[in-house]
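Breakdown of the fold
One-letter residues, chain by chain:
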Amino acid sequence: MAVDNLGLMSTSAPVNIFVTTNSTLLAPRIVAGAPALTVSNAVAGQPYILDVYTQSPGVFPGAWGPVQTSVAPASVFQFSDTALPAPSSRLYRVRQFFP
């Protein structure tokens, strides 16, 4: 229900509200041969997507693509990139997903 300054009231259809965060992706560390990427400042129960930036040789610009999706079990959790070609350096980002 919404009320304005004059006291008028109105009821609308249900609305979904999502809380977005400035989640932080910390520098990866190698665990069992694969990068373990820690996400902090997440909202527990919300889905997050780990993206990787790929660029083919001689092609600019590259593109961001999803590697893994996970529901945050707590405000800090980890992704693991098991598809990492070795040796390699990759750029990662994490984003909150709204289904």
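In what follows, the structure referred to is the one given above.
What comes next concerns the included structure. All values reported here derive from a predicted model rather than from experimental measurement.

A tally of regular secondary structure across the protein gives zero helices and nine strands. Along its sequence from the N terminus, the protein presents helices and strands in the succession β-β-β-β-β-β-β-β-β. Long-range pairs, those at least 24 residues apart, make up 56% of the contacts in the protein with a sequence separation of at least 6. Summing over all exposed atoms, the protein offers an accessible surface of approximately 7000 Å²; the carbon and sulfur share of this is 59%.

For the structure shown, the criterion picks out three aromatic pairs. Relative to Phe-77, the ring of Tyr-48 has its centre 5.7 Å away and its plane inclined at 50°; by these criteria the two rings are tilted. Note that Tyr-48 is positioned in strand S6 (residues 47-54) and Phe-77 in strand S8 (residues 77-80), a separation of 29 residues in sequence. When its relative accessible area of 6% is taken as the criterion, Phe-77 is described as buried. Aromatic rings pair up to connect Tyr-48, Phe-77 and Phe-79 into one cluster.

Turning our eyes to something else, we now look at the environment of Ala-32. Checked against the element boundaries, Ala-32 lands in the loop between strand S4 (29-31) and strand S5 (34-40). Ala-32 gets classed as exposed once you look at its relative accessible area, which sits at 84%. Considering only alpha carbons, one finds Ala-32 and Thr-82, 50 residues apart in sequence, at a separation of 9.6 Å.

Moving on, we come to the nonpolar core. One finds Leu-37, Val-39, Ala-42, Tyr-48, Leu-50, Val-52, Ala-72, Phe-77, Phe-79, Tyr-92 and Val-94 forming the largest nonpolar core, which totals eleven residues. Broken down by secondary-structure element, the contributors of at least two residues to this core are S5, S6, S8 and strand S9 (91-96). Among the elements that line this core, the one with the most residues is S6, at three residues. If near-sequence neighbours (up to four positions away) are discounted, Val-94 is found in contact with Ser-23, Leu-25, Val-39, Tyr-48, Ile-49 and Phe-79.

Judged by pairing direction, the sheet is antiparallel, and its three strands sit side by side in the order S7-S6-S9 without closing on themselves. Of all the strands in the sheet, just strand S7 (63-71) and S9 have a single pairing partner and so form its edges. Taken over all neighbouring pairs, the strand axes of this sheet differ in orientation by 25° on average, direction set aside. In terms of strand pairing, S6 meets S7 through eight bridges, oriented antiparallel. Bridge pairing links Thr-54 to Ala-63 in S7.

Scoring rules and cut-offs
- Residues numbered from 1 in each chain as written.
- Predicted model: local features only at pLDDT ≥ 70, side-chain atom pairs only at ≥ 80, totals over all residues.
- Heavy atoms only, no water.
- Helix = DSSP H or I, 4+ residues; strand = E, 2+ residues; numbered from the N terminus.
- Contact = heavy atoms within 4.5 Å.
- Areas by Shrake-Rupley, 256 points an atom, 1.4 Å probe, with all protein chains shown as cover.
- Phe/Tyr/Trp six-rings, centres within 6.5 Å; stacked < 30°, edge-to-face > 60°.
- Buried < 20%, exposed > 50% of the residue type's maximum accessible area, 1.4 Å probe, protein only.
- Core = buried A, V, L, I, M, F, W, Y, C linked by side-chain atoms within 4.5 Å.
- Pairing = 2+ DSSP bridges.
- Axes fitted to C-alpha atoms, helices over the stretch in contact; angles between N-to-C directions.

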